[in-house]
Amino acid sequence: MTDLRGRDFLRNADLSPLEYRGIMDTAHALKRGEFKGQKPLEGKTLAMIFEKPSLRTRTTFDVAMFQLGGHSVNLTNAEIGLGTREPIRDVALNLERWVDGIMARVFLHSTLEELAKHSSKPVINGLSDYLHPVQLLADFQTIEEHFSSMKGLPVTYIGDGNNMANSFIEMALLTGINFTIATPRGYEPNAAVLLEALHQGATIKITNDPIAAARGAKVLYTDVWVSMGQEQEASERRKIRDFAGFQVNPEMLELIDSDGIFLHCLPAHYGEEVVEAATLHPKSKVFDQAENRLHAQKALLYHVLRD
Ligand code: CP
Ligand code: NVA
């Protein structure tokens, strides 16, 4: 039985393939309703810290705790001032006295590492500038709903080499997919994450050609070109120019396999990385993917927070 009790989850690479499999099996079981009526996290509390906005992460962690019999406390940065009103260390040393786990969405990944260093209770990454690991759990639950084997599955990520791309690279190693990342020149993913995954045997190709990358893919994925915290007007304008040709639209969805699926972590910036006709296209599974945030995070919370 997968046992992640008390463990931090800051990145997908924190998991062994077996631990990852355990979370996925629980996520599928939860979605099938197999835990109905059970309250495995009764009496447990999750503190949720948000330095950035959120719809999916906030709602699904909150609902997940409730459905597992526990409770969540939402803390916005305007209230707690992580590192400004008081040191990150002190926030961790207070929260650990009251709650059973901390989920945080932060600007700097180092904030999560600092929280984890000082908190004796587990810290879960709800997105940083570097990684978005809980999103990838839902994404692969969705992929597994359509494809029986991950080994060698052609998966393409088109767009910015951002937190999503970095986490995808870690998942490529865990799952054995045949992963292609297409970015404009200069927007490649984090080199250290990439080199580590390649070194450990992941199958990953980096290209600047979105059309070739999309052709024949079983899964096509994109994310915003301008992530939260990067919205300065000048760089936003420059990015939109640099990403010409990287938009996912119905024509691009014609290029992927006839059984292929399209995913986007959302929120979408329509007219930039994607058009509405792509998220509403029959190949699009983006709203199943959003639903799976709930099941996948319930599975993670179950394994990390249960007694
Ligand atoms: N995909 C995702 O994390 O959505 P939110 O920013 O709404 O939480
Ligand atoms: N790359 C995006 C993901 C949002 C879920 C961001 O960081 O804003």
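Worth saying up front: this structure is predicted, and the values here are computed from it rather than measured.

A. Quick look at the site of ligand 1. If you check the shell around ligand 1, you find S54, L55, R56, T57, R105, H132, Q135, C265, L266 and R293 and nothing else. Measuring from an oxygen atom of ligand 1, one finds a side-chain N or O atom of R105 at 2.7 Å. Contacts to ligand 1 include C265, whose backbone N or O atom sits 2.9 Å from a nitrogen atom. Contact with the protein chains covers 96% of the free accessible surface of ligand 1, which is 250 Å². Put simply, ligand 1 lies in the largest pocket. Here the residues of the shell around ligand 1 sort into three nonpolar, four polar and three charged.

B. Geometry of the sheet that holds strand β4 (residues 123-125). Across the sheet, four strands lie side by side as β2-β1-β3-β4; this open sheet has parallel pairing. Edge strands, defined here as strands with exactly one partner in the open sheet, are β2 (71-76) and β4. In this sheet, neighbouring strand axes are inclined to one another by 20° on average, regardless of whether the strands run parallel or antiparallel. Bridge count for strand β1 (residues 45-50) against strand β3 (residues 101-105) is five bridges, and the pairing is parallel. When the sheet's bridge partners are listed, M48 is paired in β3 with M103.

C. Expanded view of the site of ligand 2. Within the structure, ligand 2 sits among L127, H132, N162, N163, D223, V224, S227, M228 and L266. Here a nitrogen atom of ligand 2 and a side-chain polar atom of S227 are 2.8 Å apart. In this structure, an oxygen atom belonging to ligand 2 sits 2.8 Å away from a main-chain N or O atom of M228. Protein burial of ligand 2: of its 270 Å² of free accessible surface, 96% is covered by the chains. If you map ligand 2 onto the pockets, it falls in the largest pocket. By residue class, the composition of the shell around ligand 2 is four nonpolar, four polar and one charged.

D. Structural view of the nonpolar core. In terms of nonpolar packing, the biggest core is built from 59 residues, with L137, F140, F168, I177, F179, I204 and L301 touching the most fellow members. The biggest single contributor to this core is helix α13 (residues 286-305), with eight residues. Among all residues touching F179, those that are not within four sequence positions of it are V155, T156, Y157, F168, I169, A172, T203, I204 and K205. Listed in part, the 21 residues of the second largest apolar core include A214, W225, M252 and A268.

E. Seen up close, the sheet that holds strand β9 (residues 261-264). An order of β7-β6-β5-β8-β9 is seen for the five strands of this open sheet, with the pairing classed as parallel. Across the chains shown, the open sheet's two edge strands, defined by having one partner strand only, are β7 (203-207) and β9. Recorded for the sheet is a direction-independent mean angle of 20° between the axes of neighbouring strands. With five bridges connecting them, strand β5 (residues 154-158) and strand β6 (residues 178-182) associate as parallel partners. If you follow P154 over to β6, its bridge partner there is N178. Relative to the sheet, helix α6 (residues 133-146) contacts β8 (219-222) and β9, its axis offset from that of β9 by approximately 170°. Sitting on the sheet, α13 touches β8 and β9, and the angle it makes with β9 is about 50°.

F. Representation of helix α4 (residues 88-95) within the structure. Within α4, the full set of buried residues consists of I88, V91, A92 and L95. The buried residues of α4 occupy one face: seen down the axis, they fall within an arc of 95°. Looking at the buried residues of α4, the elements they touch are β1, β2, α3 (77-80), β3 and α5 (109-118).

G. Local environment of the packing of α6 against helix α7 (residues 163-175). As a packed pair, α6 and α7 sit with axes 9 Å apart at the nearest point and diverge in direction by 55°. Regarding the angle of α6 to α7, the classification is oblique. Crossing of α6 against α7: the hand is right-handed. For the pair formed by α6 and α7, the contact residues are P133, Q135, L136, D139 and F140 on the first element and M164, S167, F168, M171 and T175 on the second. Residue composition of the contact of α6 with α7, by class: six nonpolar, three polar and one charged.

H. The arrangement of the layout of surface pockets in detail. Of the voids in this model, the largest pocket is the one considered here, and its volume is about 430 Å³. L127, N163, V224, S227 and M228 are the residues nearest the centre of the largest pocket, which is lined by 29 residues in total. Within the residue set of the lining of the largest pocket, elements represented by two or more residues are α2 (56-67) and α7. Per-class residue counts for the lining of the largest pocket are twelve nonpolar, ten polar and seven charged. Computed from the structure, the second largest pocket encloses a volume of approximately 210 Å³. Around the second largest pocket, the lining is made up of 13 residues, and of these L30, F35, K36, Q67 and K298 lie nearest the centre.

So, how was this worked out
- Residues numbered from 1 in each chain as written.
- Chains lettered and ligands numbered in written order.
- Predicted model: local features only at pLDDT ≥ 70, side-chain atom pairs only at ≥ 80, totals over all residues.
- Heavy atoms only, no water.
- Near = heavy atom within 4 Å.
- Polar contact = N/O pair within 3.5 Å; in protein donor to acceptor, adjacent residues only side chain to side chain.
- Areas by Shrake-Rupley, 256 points an atom, 1.4 Å probe, with all protein chains shown as cover.
- 1 Å grid on protein atoms, 1.4 Å probe; cavity = no way out; pocket = protein on both sides within 12 Å on 5 of 7 lines; lining within 4 Å.
- Sits in = over half its atoms within 2 Å of the grid points.
- Nonpolar A, V, L, I, M, F, W, Y, C, P; charged D, E, K, R; others polar.
- Pairing = 2+ DSSP bridges.
- Helix = DSSP H or I, 4+ residues; strand = E, 2+ residues; numbered from the N terminus.
- Axes fitted to C-alpha atoms, helices over the stretch in contact; angles between N-to-C directions.
- Core = buried A, V, L, I, M, F, W, Y, C linked by side-chain atoms within 4.5 Å.
- Buried < 20%, exposed > 50% of the residue type's maximum accessible area, 1.4 Å probe, protein only.
- Contact = heavy atoms within 4.5 Å.
- Arc of directions from axis to C-beta.
- Parallel < 35°, antiparallel > 145°, perpendicular 65-115°, else oblique.
- Left-handed = near helix turned anticlockwise from the far one by under 90°.
- Points joined across faces, edges and corners; volume = space filled by probe spheres on them.

These values are about where atoms sit, not about what they do.
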